[in-house]
Amino acid sequence: MPHDLPKAYDPTAIEDHWAEYWVREELFAQPVVTSASESDQRRQFSILLPPPNVTGRLHMGHMLNQTEMDILTRWHRMRGDRALWLPGTDHAGIATQMMVERQLTAEGTSRQKLGREPFVERVWEWKRHYGGAILEQMKRLGASVDWSREYFTMDERLSVAVREAFVKLHEQGLIYRGAYIVNWCPRCQTAISDLEVVYDEHKGHLWEIRYPVHENGRETGEYLTIATTRPETMLGDVAVAIHPEDERYKHLHGKKLRLPLMDREIPIILDEWVSREFGTGAVKVTPAHDPNDFALGERHHLPSINVMDDTAHINENGGPYKGLERYAARKKIVEDLEAQGLLAGVKDHVHNVGHCDRCKTVVEPRLSTQWFVKIQPLADKAIAAVKPDASGNKAIRFVPELYEKTYLNWMENIHDWCISRQLWWGHRIPAWHCAVCHKITVAREDPTNCTHCGSDQITQETDVLDTWFSSGLLPVSVFGWPNITAENRADFDTFYPTSLLVTGFDILFFWVARMIMLGCWFSTDVPMPDGSPRPLAESVPFKEVYIHALVRDANREKMSKTKGNVIDPIEIVKQYGTDAVRFTLASMASPGTDIAFNVARTEGYRAFANKIWNAARFIFMNVDKAREAGVSVDPAALGSPAVISGSAPLEARWIVAELNATILRVNNSLENYRFDEAASTIYQFFWGSFCDWYLEIVKLRLDFSADTLEADPGSLNTLVSINALVSVFDAALRLLSPFMPFLTEELWHALYDGKPPARSIALASFPRARVTNESAGPIAEMEQLQELIVEIRALRKEIGVEERTAVPIELRAESKLSQLVQENRDIVERLARVTEIRFVDSISSGLSKHHATSFDVAVVYERKIDVAAERERLTKEIAKYEKGVAAAERQLGNEGFLAKAPPNVVEGLKKQEAETRLLLNKAREALGNLPGEGAGA
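Note that this is a predicted model, so its numbers are computed, not measured.

Visitor: Residues and numbers for the overall build of the protein chain, please.
Guide: Along its length, the protein chain carries 28 helices and 29 strands. Since a compact globule built from 937 residues should have a radius of gyration of about 30 Å, the 37 Å found for the protein chain marks it as more spread out than a globular shape. Each principal axis of the C-alpha distribution contributes one length, and for the protein chain these read about 120 × 80 × 60 Å. Within the protein chain, the fraction of its 937 residues that count as buried is 53%. A total accessible area of about 42300 Å² is found for the protein chain, and carbon and sulfur atoms account for 49% of it.

Laid out in structure tokens, this is it:
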């Protein structure tokens, strides 16, 4: 049946269809391995999707991440590997709770009014309605994940793993509960980790406060001045510290002070931690509101007075300031100090202020009872996994390598991990408090009695676990841990450790480091298939970590809603198609280099897709003509790898050699995560070699007229050429498929008249390179012909030969090249619009010629011109160029302009001035070469 391909390429007409087909047919499902003796010996390639928040919507960072993962997964799958890409979402404790609380506020209620259980059910309801949006977007964009294995971090099976991990760490003495300084968010009303605090430079003040010296309960008239950026915390001061060797204050050793506004005595303590150079050399000590002060208080056995509640309002310990919001309290305290003559001064002070990464509220360091992981034993394993062993091997490799140093620096200076959050949505901590003996029961199953005293008066801990605790158990938890047995371990053995993690730098510490720590710690529970202990190299969650770049705007600015430069990938996809956006991201994705996303490039790759579409239409038209003429056409005629006879036309041998070289380069680039190189190589082959050169040459061979076929039934112009064309196109589509899956799926199915050898091009084999000793010959010969054709085209343009006019040429060349041109003169004549090739010993005088290493060439052409009109035209051009050069010189000579203008503007102006000057010189030369008035040439 004839091929029926629409005239215009319209991505919207094909993408929804194929996206739905891939999901419906479960093409990318990798069934759970159930038997350890299974005969499938394929190499495994497994990769985990960094789980987006259940509240999330796709942004450019997601699309880059998923494009890179999809390219690699499709590539491995097509190469015959057992490829598994695991999708899932994170329950995102704080973000999701905030989302639902906003809904409740709009309804005039709150979570407190609902109560815990109804609120949690309300969040589950929200998740069921809205939580899958980002995964639906992934399906529409064609991500080749195994949807049958989709997970959610609060699924029952993952919840079992979370509880087991907590209980086991507690049993090992690695989880403890205590009162420590934490980062407290008054808006989210929960503790947050150090990683969830973002510091911004802030122009604030340094208040200098005079503390009256007391001796025997009476003021001495002397004052000790301290400096603080947070005067509201002085309500909780319990001491002032000085350095024991500070000569200024030696007479105050053993003395006390009166705490201003609170009228209580506090001691002067001595500690070498105090810097004599900073401020006044005297430091107020507030253990409940500063981590350094807390450490001081521990050393000196001082009490801790918390003066703020969960919402950062002053509590009952704040005396007359009770009920005031912290900044209102600050203002009133400063006013009162000034009124009492105790404010010694106020200085401008620039310092870093921590904000909650989620809601941007200023974080309050605050004493709070929390649950912590004693992290060092886990960190030690995670450090060893990245450092080379005695043989120089690394269990985990970072790409780019510079991130290894960043990771190790953080891990070697790690602090205990606060894992409790004061939320209702999340994995509730499996700990129960006894009202009788006041001890805590930690259990895998919900207990009915206290394990210490037997009382039934027990209540579960209200806190939930940090979201990163559950996501940190990936991927060990999704492969069955902790319920792995000899009977069900085959899936774990097959896919763990995973091959690769592709992620961004922003979650290197949040997630990647924690996955390594928890994965190395808990996977050792699963011995190797032969029963031996699991070595570190098999305990890691992944073998490699590829850290991708940041997607910025076209001016290399970070995208933000404030700047108004956020690019919505879904909108760009609607405009240009998924394949064009994917190819744009891939073409700019190089390890360690940020991407300056430019829609102009996407427009270019949309044109690239259109070029391939039109090439397909040309090929299909000729396939239909061939079949009508009785010529058999088989897309797999050359096989994979492609093999072609040495007697075939040069262009057929050349395009096959080019294809094989391209396959090698693409494979090498993807092995090294050079998505940009791989995309560029494919682009150059498809647009340049295949479309611009090969298709134009092969038109010479595709003559299916009865006369031609009768005269030469076995003609290379028919059988070999059409089959070479179709086979190379088939291989090129498979080569492009991981990058542009929708376009290639549509064209591949059309190539086989809707009956392809596999259900999807994604399940077909990636083309294999077959490079032989004979491969170099056709490439070198075609390069010589291309060089000649390019020189002829340039000469034609220089001397003004009309586009459609064919002209003779003179060629002086070495004998070998002359023979090559003679054998392929039809190629030169067609592609360079040449009527005759005259082989000469020297180029005729008076002809413009181009000189190359192995040849000289000239175009034989005479053109009548209107000298007066040409002189007028050139004179106008010269005036225009002179004006442009003068304007550029004025700007470049203006020091004020150069000082203010961005460097890229200045460079652009310099380039424009140079180009205009070149055009000016050419126009002047052309004017000087014109003959006298009225003459012709």
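Visitor: Can you explain the packing of helix α11 (residues 402-411) against helix α14 (residues 508-522)? Please cite residues and give values.
Guide: Relative orientation of the contacting elements α11 and α14 amounts to 80°, with a least axis distance of 11 Å. Here α11 lies roughly perpendicular to α14, going by the angle between them. Mapping the contact onto sequence places Tyr403, Thr406, Tyr407, Trp410 and Met411 in α11 and Leu508, Phe509, Ala513, Ile516 and Met517 in α14. Class assignment of the residues belonging to the contact of α11 with α14 gives a composition of 9 nonpolar, 1 polar and no charged.

Visitor: Hey, could you go over the sheet that holds strand β19 (residues 440-442) for me, with residue numbers and the actual values?
Guide: Read across the sheet, 3 strands follow the order β19-β18-β20 without closing on themselves; strand pairing throughout is antiparallel. Single-partner strands in this sheet number two, and they are β19 and β20 (458-460). Sheet twist, expressed as the average angle between the axes of neighbouring strands with direction ignored, equals 30°. Across 3 bridges, the pairing between strand β18 (residues 431-434) and β20 is antiparallel. Among the inter-strand pairings, His433 is bridged to a residue of β20, identified as Thr459.

Visitor: I'd like to hear about the environment of Asn904, residue by residue, with values.
Guide: Mapped onto the elements of the fold, Asn904 is located in helix α28 (residues 903-928). Note: C-alpha distance between Asn904 and Asn53 (851 residues apart in sequence) is 38 Å.

Visitor: With reference to specific residues and values, describe helix α8 (residues 291-300).
Guide: Listing the buried residues of α8 in full gives Asp293, Phe294, Leu296 and Gly297. Along the axis of α8, the buried residues cluster in a sector spanning 160°; they form a single face. Capping the start of α8, Asp290 holds a side-chain oxygen 2.9 Å from the backbone nitrogen of Asn292, two or three residues further along. Residue His301 follows α8 closely and has a positive phi angle near 55°.

Visitor: An account of the side chain of Glu791 is needed here, citing residue identities and associated values.
Guide: Along the chain, Glu791 turns up in helix α23 (residues 776-799). Contact partners of Glu791, with chain neighbours within four places excluded, come to His850, Phe855 and Val857.

Visitor: Explain the nonpolar core to me, using residue names and the numbers behind them.
Guide: Formed by 140 residues in total, the largest nonpolar core has its most connected members in Ile619, Phe686, Phe690, Ile722, Phe729 and Phe739. Per-element accounting of this core gives the leading share, 13 residues, to helix α19 (residues 675-698). For Ile722, the contacting residues outside a window of four places in its chain are Asn622, Val623, Ala626, Val631, Val633, Leu702 and Phe704. Counting 70 residues, the second-largest nonpolar core is a separate cluster that includes Val162, Leu378, Val478 and Cys520.

Visitor: With reference to specific residues and values, describe the packing of aromatic side chains.
Guide: Describing an aromatic ring pair means giving the distance of the ring centres and the angle of the ring planes. Scanning all chains against the criterion turns up 40 aromatic pairs. Plain terms: the ring middles of Tyr9 and Trp613 are 5.5 Å apart, the flat faces sit at 45° to each other, and that makes the pair tilted. Linking Tyr9 in the segment before α1 (11-24) with Trp613 in helix α17 (residues 599-628), this pair joins segments that are 604 residues apart in sequence. By the burial criterion, Tyr9 is buried, and Trp613 matches it. Ring centres of Phe608 and Trp687 lie 6.3 Å apart, and the angle between their planes is 25°; this geometry places the pair in the stacked category. Note that Phe608 is positioned in helix α17 and Trp687 in helix α19, a separation of 79 residues in sequence. Ring pairing ties together the aromatic residues Phe583, Tyr605, Phe608, Phe620, Tyr683, Phe685, Phe686, Trp687, Phe690, Tyr694, Phe729 and Phe739, which thus form one cluster. Note that Lys127 overlies the ring of Phe152, its terminal NZ or CZ placed 4.3 Å from the centroid. In this structure, Arg210 packs its charged tip against the face of Tyr223, placed 4.1 Å from the ring centre.

Visitor: I'd like to hear about the pairing of strand β11 (residues 264-270), residue by residue, with values.
Guide: Alignment of strand β9 (residues 239-242) against β11, held across 3 bridges, turns out to be parallel. Across the sheet, Ala241 pairs through a bridge with Ile269, a residue of β11. Taken together, the 4 bridges between strand β10 (residues 256-259) and β11 define a ladder with antiparallel strand orientation. Pairing of Leu257 across the sheet is with Ile266, part of β11.

Visitor: Would you mind going over empty space enclosed by the protein in detail, with residue names and values included?
Guide: Think of a ball as big as a water molecule: rolled over the atoms, this probe shows where empty space is left. In the structure shown here, the tally under the stated rule is 2 cavities of 30 Å³ or more. When its volume is computed, the largest cavity comes out at roughly 70 Å³. Looking at the lining of the largest cavity, its residues break down into 3 nonpolar, 2 polar and 2 charged.

Visitor: Run through the pairing of strand β14 (residues 364-373), naming residues and quoting values.
Guide: A regular strand carries its side chains on alternate faces of the sheet. Buried residues dominate β14, accounting for 9 of its 10 residues. Bridge count for strand β5 (residues 175-185) against β14 is 10 bridges, and the pairing is antiparallel. Bridge pairing in β14 links Tyr176 to Phe372. Taken together, the 2 bridges between β14 and strand β16 (residues 417-418) define a ladder with antiparallel strand orientation.

Visitor: Give a detailed account of the pattern of salt bridges, specifying residues and quantitative values.
Guide: Taken as a whole and assessed by the stated rule, the structure comprises 62 salt bridges. Close ionic contact of Arg128 with Glu121 constitutes a salt bridge, the shortest N to O distance being 2.8 Å. Each of the salt bridges in this network shares a partner with another, and the network as a whole consists of Glu20, Arg24, Glu25 and Arg759.

Visitor: Residue-level account of the sheet that holds β14, with values.
Guide: On the basis of which strands lie adjacent, the open sheet formed by 4 strands has the order β6-β5-β14-β16 and antiparallel pairing. Because the sheet does not close on itself, it has two edges, and the strands there are β6 (190-192) and β16. Across 3 bridges, β5 lies against β6 in antiparallel orientation. Bridging from a neighbouring strand, Cys185 pairs with Thr190 of β6.

Visitor: Kindly report on helix α9 (residues 326-339), identifying the contributing residues and their values.
Guide: Between the first and last C-alpha of α9 there are 20 Å, a value that for 14 residues agrees with the 20 Å anticipated at 1.5 Å per step. For α9, the full list of buried residues reads Arg326, Ala329, Arg330, Ile333, Val334, Asp336 and Leu337. Taken down its axis, α9 places every buried residue within 165° of arc, on the same side. For α9, exposure combined with an orientation more than 90 degrees from the buried face picks out Lys331, Glu338 and Ala339. Backbone nitrogen of Tyr327 and a side-chain oxygen of the N-cap are separated by 2.8 Å at the start of α9; the cap is Glu325.

Visitor: Tell me about the state of the cysteines, and name the residues and values.
Guide: One pass over the full model with this rule turns up 0 disulfides. Of the cysteine sulfurs around Cys359, a residue in no disulfide, the closest is that of Cys185, at 3.4 Å. Just so you know, Cys434 is unpaired, no disulfide at all, and the nearest cysteine sulfur is the one on Cys453, 3.6 Å from it.

Visitor: How would you explain unusual backbone geometry if you had to name every residue and give the values?
Guide: Cis geometry marks the peptide bond from Val399 to Pro400; its omega dihedral reads -5°. Tracing the chain through its elements places Pro400 in the loop between β15 (397-399) and α11. Here the amide bond leading from Trp481 into Pro482 is cis, since omega sits at 10°, within 30 degrees of zero. Mapped onto the elements of the fold, Pro482 is located in the loop between α12 (467-471) and α13 (490-495). Of note, the phi angle at Asp263 is positive, near 55°, even though the residue is not glycine. With respect to the helices, strands and loops of the structure, Asp263 is situated in the loop between β10 and β11. Phi is positive for His301, which is not a glycine, with a value near 55°. Note that His301 resides in the loop between α8 and α9. Residue classification places His301 among the exposed positions, given a relative accessible area of 73%.

How each quantity is defined
- Residues numbered from 1 in each chain as written.
- Predicted model: local features only at pLDDT ≥ 70, side-chain atom pairs only at ≥ 80, totals over all residues.
- Heavy atoms only, no water.
- Helix = DSSP H or I, 4+ residues; strand = E, 2+ residues; numbered from the N terminus.
- Rg over C-alpha atoms; globule rule 2.2 N^0.38 Å.
- Buried < 20%, exposed > 50% of the residue type's maximum accessible area, 1.4 Å probe, protein only.
- Areas by Shrake-Rupley, 256 points an atom, 1.4 Å probe, with all protein chains shown as cover.
- Axes fitted to C-alpha atoms, helices over the stretch in contact; angles between N-to-C directions.
- Parallel < 35°, antiparallel > 145°, perpendicular 65-115°, else oblique.
- Contact = heavy atoms within 4.5 Å.
- Nonpolar A, V, L, I, M, F, W, Y, C, P; charged D, E, K, R; others polar.
- Pairing = 2+ DSSP bridges.
- Arc of directions from axis to C-beta.
- Polar contact = N/O pair within 3.5 Å; in protein donor to acceptor, adjacent residues only side chain to side chain.
- Core = buried A, V, L, I, M, F, W, Y, C linked by side-chain atoms within 4.5 Å.
- Phe/Tyr/Trp six-rings, centres within 6.5 Å; stacked < 30°, edge-to-face > 60°.
- Lys NZ or Arg CZ within 6 Å of the ring centre and 35° of its normal.
- 1 Å grid on protein atoms, 1.4 Å probe; cavity = no way out; pocket = protein on both sides within 12 Å on 5 of 7 lines; lining within 4 Å.
- Points joined across faces, edges and corners; volume = space filled by probe spheres on them.
- Salt bridge = Lys/Arg side-chain N within 4 Å of Asp/Glu carboxyl O.
- Expected span 1.5 Å × (residues − 1).
- Disulfide = S-S within 2.5 Å.

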